[in-house]
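What the coordinates show
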Amino acid sequence: MCRFETQGRKALPASPAPSASRGPAAASGTSREKMAAPGARSRSLAGLLPAQTPLEYALLDAVTPEEKDSLVYQYLQKVDGWEQDLSVPEFPEGLEWLNTEGPISVYKDLCGKVVILDFFTYCCINCIHLLPDLHALEHTYSDKDGLLIVGVHSAKFPNEKVLDNIKSAVLRYDITHPVVNDADASLWQELEVSCWPTLVILGPRGNMLFSLIGEGHKDKLFLYTSIALKYYRDRGQIRDNKIGVKLYKDSLPPSPLLFPGKVTVDHVSKRLVIADTGHHRILVVWKNGEIQFSIGGPNPGRKDGIFSESAFNSPQGVAIMNNIIYVADTENHLIRKIDLEAEMVSTVAGIGIQGTDKEGGAEGERQPISSPWDVVLGSSGSEVQRNDILWIAMAGTHQIWALLLDCGRLPKKNEVKKGTCLRFAGSGNEENRNNAYPHKAGFAQPSGLSLAAEEPWSCLFVADSESSAVRTVSLRDGAVKHLVGGERDPMNLFAFGDIDGVGVSAKLQHPLGVTWDKKRNLLYVADSYNHKIKVVDPKTKNCTTLAGTGDTSNAVSSSFSETTFNEPGGLCIGENGQLLYVADTNNHQIKVMDLETKTVSVLPVFGSGNAMVDGPLLAEKQKMRPKLPKSAPGISLSPVAATPGQTLQFKLRLELPSGTKLTEGVPSCWFLTAEGHEWLLQGQMPSGEIESISSQPTISLQIPGDCPSPEAVVSISVFLYYCSADSGACTMQGVLFSQPVQITGAQQGRPPPVELRTGNGFRKWVSSRAELAEPA
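Residues numbered from 1 in each chain as written. Predicted model: local features only at pLDDT ≥ 70, side-chain atom pairs only at ≥ 80, totals over all residues. Heavy atoms only, no water.

1. Observations concerning unusual backbone geometry
The criterion, for reference: For helices the rule is a DSSP run of H or I covering at least 4 residues; for strands it is a run of E covering at least 2, with both sets numbered from the N terminus onward. Only protein chains enter the area calculation, which uses a 1.4 Å probe; residues under 20% of their type maximum are buried, those over 50% are exposed, and those in between are partly exposed.
The omega angle of the peptide bond from Trp196 to Pro197 is -15 degrees, so this bond is cis rather than trans. Here Glu455 and Pro456 are connected by a cis peptide whose omega angle stands at 5 degrees. Residue His398 is not a glycine yet carries a positive backbone phi of 60 degrees. In this structure, His398 sits in the loop between β20 (389–394) and β21 (399–404). His398 sits in the buried class, given a relative accessible area of 3%. With phi around 45 degrees, Ser458 is a residue other than glycine that occupies positive phi space.

Have a look at this one:
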């Protein structure tokens, strides 16, 4: 369970974690004696303990559903009969809301509803595990039935307090109920919540009825909710009014990728394998971005078989060997196998239901597993590299597991038969604990793996996300050691930050990916919540920033120091150590970092044949290009030479007249066209918005690998919507840039970025046009 430590907030009394067998409602330590009788009541969850704890134990002895229903009904009669309700505090004013038309009030909008408050933080695997239960409950009861779920996002990491990042998580996890950003944990503190996730069930007067701490309480959740709805419906206190909902899932960006989580390279064929997580599919693409296979998607599901019928649910880690891809099918709790020659998908580990087993040892398809997040191929005790083991970052149980692809031997273990899936390292406790004995070590939601099989390393590198650390697991004896980040105290999971340094003095924030550079003996880290790529020398334990500014805007710059990422989730090395591919998750892109020239580009992803490129919402989200005014200036640029596969970059450097600003609510934008040479734009990002004059975007255009013509002209149309400072007069002006491109087969250096400037004449022309504009 993700436990909430006290760093940076008012200290709360510790609360015991519920046991799997009894699960009594736990709360922080307000005096229980004072709560035994009705009267003046605290607003903390401790007020529920005296009544709910006996109910929990009585339910253990109940045999039939009727007995359980009766016990809960009698409990509600008792709680509802208190002289004074144990009332939940009102949502504080000024909080940010998602999936609603506006702020919600407990005592106005939610009056007459049974309400479930879900206290969560989006990084927490236990909170993710709870979402299917909430989805199922929402499918059973709607707001017209009297039920509403409200997510109360109480962040662990600073990055999780940012509304845009919560919005991405809401989209990623398909959360359709209202979510409030309780960034300062005000409601959390008032109720004295102590763990993620915590559910609080309210009656129609805002009166607290039940609390459930942790995951794995689906039966109780449904029991308590159904009986509460019946109890208050019998008393005429349930209202069927609808709550105004405005789903943010309708704002998905036009992109062939949606929240890509991981990426890997097939070193034999030079193909990439991309976990297109938000589209619930796996893409196999050539190095120019052309899709060879699209497997699964666009909707979540669980199905083996031919490519066109197979289904995944938020896949993450991918590994490829000899035309076989292994997939961490995270939310299906499965390891899947994709045979590219037979074009078939099968299951090799997991039963499709979240498991709680922390030992394993059964044959793969009979072994329950929990939220596998990454996979990497490796070898057993043989000195020959056989790739007969699939190492698994089992985020759900905070462990490292192994799936034997052939008979083999794990460190300090006897021969293990083919197909066995078992725990290799980690006790299952969520800790940052290093130990010479692998089963006594503790991980905290391991989310990224990379293998350094060669001496002197002979280890697995682990991105241990919730401890904000990178750890190593020895392939000789299983010993777990610290590399960088985190803290020496194994129970402190709040030692995060953004600091370059050595060992524990370096600080990361929820890293999700690692990849080993065998050529340079360096480890690259996706420092996800710091929005950076970092590099670690395992010999000196020195950790430094390689790329990323920390800003989350999607500014594709040609340089490492200026480019930006948004929660990058995975990365891999390709082209014999020259290129680093990064799954830039919240920017819906694969970024390509050239480690020799220190430049960055975006991999275009485009379809071939029947390969689906876009998500289901893309077709209706394509922008329509406005018509350029006849008076718009046209600027011809000097020809630029490029070779197939190279990326041209166009940096917008436009200026507005003094005393004007971009129009709010009307996005300025750019468009790429290539009349008569449409092949040049296949799979490219054809348009984008200009959100700020001070931070204008860089437009990327990758030259296709197969060009039918050696010459082409690319047109960049720019449309600026702007107003006077007092918004009294507004106008739109455009400019057309024409860029001749000469495509040559001769190898040459990367073309320098082309700056799209308009010059002083344009600014004078814009000023004169603005003076003639009518007030808006």
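After that view of the structure, there is still more to cover.
2. Considering the packing of helix α1 (residues 49–61) against helix α2 (residues 65–80)
This is how the line gets drawn: Here an angle of 0 to 180 degrees is reported between the N-to-C directions of two axes, which are lines fitted to C-alpha atoms, with helices fitted over the stretch in contact. Here roughly perpendicular refers to angles of 65 to 115 degrees, roughly parallel to angles under 35, roughly antiparallel to angles over 145, and oblique to all remaining angles. The contact definition used throughout considers only heavy atoms, calling two residues in contact when any of these lie within 4.5 Å. Any residue outside Ala, Val, Leu, Ile, Met, Phe, Trp, Tyr, Cys, Pro, Asp, Glu, Lys and Arg is labelled polar, Gly included; the first ten of those are nonpolar and the last four are charged.
Between α1 and α2, the shortest axis-to-axis distance is 10 Å and the interhelical angle comes to 170 degrees. With respect to α2, the element α1 is oriented roughly antiparallel. Within the contact between the two elements, α1 uses Ala51, Gln52, Leu55, Ala58 and Leu59 and α2 uses Lys68, Leu71, Val72, Tyr75, Lys78 and Val79. For the contact of α1 with α2, the residue count by class is eight nonpolar, one polar and two charged.

3. Thoughts on helix α4 (residues 163–172)
Burial runs high along α4: seven of the 10 residues are buried. Of the positions making up α4, those classed as buried are Asn165, Ile166, Ser168, Ala169, Val170, Leu171 and Arg172. Among the structural elements, β2 (96–98), β4 (147–153) and β5 (179–181) are those in contact with the buried residues of α4. Where α4 terminates, the next one or two residues include Asp174, which has phi positive at roughly 55 degrees.

4. What about the sheet that holds β21?
To be explicit about the condition: Note on pairing: DSSP must find at least two bridges between two strands before they are called paired.
Read across the open sheet, the five strands follow the order β18-β24-β21-β20-β19; overall the sheet is antiparallel. Because the sheet does not close on itself, it has two edges, and the strands there are β18 (360–363) and β19 (372–378). Between one strand and the next, the sheet's axes are offset by a mean angle of 25 degrees, whatever the strand orientation.

5. Section: the pattern of salt bridges
As a reminder, the rule being used: Definition used for salt bridges: Asp or Glu carboxyl oxygen within 4 Å of a side-chain nitrogen of Lys or Arg.
Using the criterion set out here, one finds 26 salt bridges in the structure. Notably, a salt bridge pairs Lys303 with Glu309, separated by 3.9 Å at the nearest N-O pair. According to the relative accessible area criterion, Glu309 is partly exposed, its value standing at 43%. For Asp498, the salt bridge is made with Lys534, and the minimal N-O distance between the two is 2.7 Å. Note that Asp498 is positioned in the loop between β28 (480–485) and β29 (501–502) and Lys534 in strand β32 (residues 532–537), a separation of 36 residues in sequence.

6. So, the packing of aromatic side chains
The following threshold applies: Geometry of aromatic contacts follows a simple scheme: Phe, Tyr and Trp rings, the Trp one being its six-membered ring, pair when their centres are within 6.5 Å, and the pair is stacked under 30 degrees between planes, edge-to-face over 60, tilted otherwise. The rule for a charge over a ring is simple: NZ of Lys or CZ of Arg within 6 Å of the ring centre, and within 35 degrees of the ring normal.
Applying the stated criterion across every chain, the model contains 16 aromatic pairs. The interplanar angle of 45 degrees and the centroid separation of 6.3 Å between the aromatic rings of Phe494 and Phe496 together place this pair among those described as tilted. Taking NZ or CZ as reference, Lys156 lies 4.9 Å from the ring centre of Phe494, over its face. In this arrangement the basic side chain of Arg172 is found over the ring face of Phe259, its NZ or CZ atom lying 5.6 Å from the centre.

7. Comments concerning the pairing of strand β25 (residues 446–452)
With seven of seven residues buried, β25 is to be regarded as a mostly interior element. The pairing of β25 with strand β26 (residues 459–464) spans six bridges and is antiparallel. Within β26, the position partnered with Ala452 by the bridge is Cys459. Between β25 and β26, which follow one another and run antiparallel, lie six residues, and Ser458 among them has a positive phi close to 45 degrees.

8. Things to note about the environment of His439
Which entries qualify depends on this criterion: Pairs of N or O atoms within 3.5 Å make up the polar contacts considered here, provided that, within protein, one atom can donate a hydrogen while the other can accept it, and that residues adjacent in sequence are counted only when both atoms are side-chain atoms.
For His439, the location among the structural elements is in the loop between β24 (420–425) and β25. Separated by 40 residues in sequence, His439 and Gln399 place their C-alpha atoms 9.1 Å apart. Non-local contacts of His439, meaning those with residues more than four positions away in its chain, are made with Lys413, Arg423, Phe424, Gly426 and Ser427. A polar atom in the side chain of His439 sits 3.3 Å from the side chain of Arg423.

9. As for empty space enclosed by the protein
The following threshold applies: Two kinds of site are reported from a 1 Å grid over the protein atoms alone, namely cavities, where a 1.4 Å probe fits but cannot get out, and pockets, open sets with protein on both sides within 12 Å along at least five of seven lines, and residues are called lining when an atom falls within 4 Å of a point. Grid points are joined across faces, edges and corners, and a volume is the space filled by probe spheres set on the points.
Going through the model one piece at a time under the given rule, you end up with four cavities of 30 Å³ or more. What lines the largest cavity is a set of 23 residues, among which Arg172, Tyr173, Gln316, Trp373 and Leu512 lie closest to the centre. Classifying every residue of the lining of the largest cavity by side-chain character gives eight nonpolar, 11 polar and four charged. Roughly 40 Å³ of volume is contained in the second largest cavity. Around the second largest cavity, the lining residues are Phe120, Tyr122, Cys127, Ile128, Leu131, Ala169, Tyr173 and Ile175. By residue number, the principal contributor to the lining of the second largest cavity is helix α3 (residues 125–140), which donates three residues.

10. With respect to the nonpolar core
When a protein is soluble and globular, its nonpolar side chains tend to lie buried together. Keep this limit in mind: Residues grouped as a nonpolar core are buried Ala, Val, Leu, Ile, Met, Phe, Trp, Tyr and Cys residues, joined through side-chain atoms within 4.5 Å.
In terms of nonpolar packing, the biggest core is built from 77 residues, with Phe91 and Leu117 touching the most fellow members. Broken down by element, the residue count for this core peaks at eight residues, all from helix α6 (residues 218–234). In contact with Leu117, other than residues within four places in its own chain, are Val88, Phe91, Val150, Val152, Thr198, Leu199, Val200 and Leu202.

11. What to know about the sheet that holds strand β44 (residues 698–702)
In spatial order, the strands read β44-β40-β47; together these three strands make up an open sheet with mixed pairing. Looking at strand neighbours, the two that pair on one side only are β44 and β47 (754–757), the edges of this open sheet. With direction set aside, neighbouring strand axes in the sheet form an average angle of 25 degrees. Relative to β44, strand β40 (residues 647–653) runs antiparallel, the two sharing five bridges. Across the sheet, Phe650 pairs through a bridge with Ile699, a residue of β44.

12. A look at the packing of α2 against α6
Our working rule: By definition, turning the near helix anticlockwise from the far helix through less than a right angle yields a left-handed crossing, and turning it clockwise yields a right-handed one.
Interhelical geometry of α2 versus α6 gives an angle of 55 degrees and a closest axis separation of 10 Å. Between α2 and α6, the angle falls in the class oblique. Judged by the sense of rotation from one axis to the other, the crossing of α2 with α6 is right-handed. From α2, Lys68, Asp69, Val72, Tyr73, Leu76, Gln77 and Asp80 reach across to α6, where they touch Leu223, Tyr224, Ile227, Ala228, Lys230, Tyr231, Tyr232 and Asp234.

13. Notes on the pairing of strand β9 (residues 262–266)
Sheet faces and side chains relate simply in a regular strand, where the side chains alternate between the two faces. The buried fraction of β9 is high, at five of five residues. Note that β9 and strand β10 (residues 271–276) share five bridges and pair antiparallel. In the strand pairing of β10, Val263 is matched with Ile274. Between β9 and β10, which follow one another and run antiparallel, lie four residues, and Lys270 among them has a positive phi close to 65 degrees.

14. Focus on the environment of Gly278
Along the polypeptide, Gly278 turns up in the loop between β10 and β11 (281–285). Along the chain, Gly278 and Pro260 lie 18 residues apart, while their C-alpha atoms are 6.7 Å from each other.

15. Comments concerning the side chain of Ser371
When you line up the elements, Ser371 lands in the loop between β18 and β19. Residues contacting Ser371, with those up to four places away along its chain left out, are Ile125, His129, Thr330, His333, Ala393, Met394, Ala395 and Gly396.

16. Some thoughts on α6
Defined as follows: Expected span of a helix: the number of residues minus one, times 1.5 Å.
Compared with the 24 Å implied by 1.5 Å per residue over 17 residues, the 24 Å span of α6 between its first and last C-alpha is a close match. The complete set of buried residues in α6 reads Lys220, Leu221, Leu223, Tyr224, Thr225, Ile227, Ala228, Leu229, Tyr231 and Tyr232. Immediately downstream of α6, the backbone of Gly236 shows phi near 70 degrees, a positive value.

So, to be careful, I would describe these as geometric facts and stop short of saying anything about function.
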